[in-house]
Amino acid sequence: MIQDNRFNANETRRSKSVSRIPVPRAARASQRDLDCTAHDSSADIAAVAHTEGWLMPLVPIERVALRPWQQAVFWGLRLYIGVMLIIMGWGFFHVAGG
């Protein structure tokens, strides 16, 4: 495989390597076609939003009452996280202090 590592003075190595990425001819043609034809108007976007149901108001979310055992589990997790933060802080400052 012969590799051409030369580049022009106004071109950087990075720009040369990026521009040398092989792209199939069909992909370039389809992107060019998309660039020429993909001009969506606000009416097209509104029609898509209406058909997809994006304009409907969201269902209201209500707070769920937890059972006592679920509350105990969550408070246990909070306590665990608090203790771990204290231990990590103590370890950090103990080692950082020398």
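Residues numbered from 1 in each chain as written. Predicted model: local features only at pLDDT ≥ 70, side-chain atom pairs only at ≥ 80, totals over all residues. Heavy atoms only, no water.

(A) Looking closely at the overall build of the protein. Secondary structure assignment for the protein yields four helices and zero strands. When the helices and strands of the protein are read in sequence order from the N terminus, they spell out α-α-α-α. Taking all 98 residues of the protein together, 2% fall into the buried category. A total of about 10100 Å² of accessible surface is found on the protein, and carbon and sulfur atoms cover 65% of it. (Helix = DSSP H or I, 4+ residues; strand = E, 2+ residues; numbered from the N terminus. Buried < 20%, exposed > 50% of the residue type's maximum accessible area, 1.4 Å probe, protein only. Areas by Shrake-Rupley, 256 points an atom, 1.4 Å probe, with all protein chains shown as cover.)

(B) Structural context of a nonpolar patch on the surface. There is a patch of nonpolar side chains on the surface, built from Leu79, Tyr80, Ile81, Val83, Met84, Leu85 and Ile87 and spanning about 700 Å² of accessible area. With respect to the secondary-structure elements, Val83 resides in helix α4 (residues 68–96). (Patch = residues over 30% accessible without salt bridge, like charges linked within 9 Å, V, L, I, M, F, W, Y side chains within 5 Å. Salt bridge = Lys/Arg side-chain N within 4 Å of Asp/Glu carboxyl O.)

(C) Fine view of helix α3 (residues 42–52). Burial within α3 is sparse, with just one of its 11 residues counted as buried. At the C-terminal side of α3, Gly53 shows a positive phi close to 80°.

(D) Just the packing of aromatic side chains, in detail. For the structure shown, the criterion picks out one aromatic pair. Centroid distance Phe92 to Phe93: 5.3 Å. Interplanar angle 75°. Geometry classified as edge-to-face. With respect to class, Phe92 is no different from Phe93; both count as exposed. Cation over ring: Arg78 sits above Trp75, and NZ or CZ is 4.5 Å from the ring centre. (Phe/Tyr/Trp six-rings, centres within 6.5 Å; stacked < 30°, edge-to-face > 60°. Lys NZ or Arg CZ within 6 Å of the ring centre and 35° of its normal.)

(E) The arrangement of the confidence of the model for the protein in detail. Mean pLDDT over the protein works out to 77, with 57% of the residues at or above the 70 mark. Per-element averaging of pLDDT across the protein places helix α1 (residues 13–19) at the bottom with 52 and α4 at the top with 94. (pLDDT = per-residue confidence, 0-100.)

(F) Inspection of the environment of Leu55 at higher detail. Structurally, Leu55 can be placed in the loop between α3 and α4. Residue classification places Leu55 among the exposed residues on the basis of a relative accessible area of 62%. Every residue in contact with Leu55, bar those within four places of it in the chain, is listed here: Ala49 and His50. (Contact = heavy atoms within 4.5 Å.)

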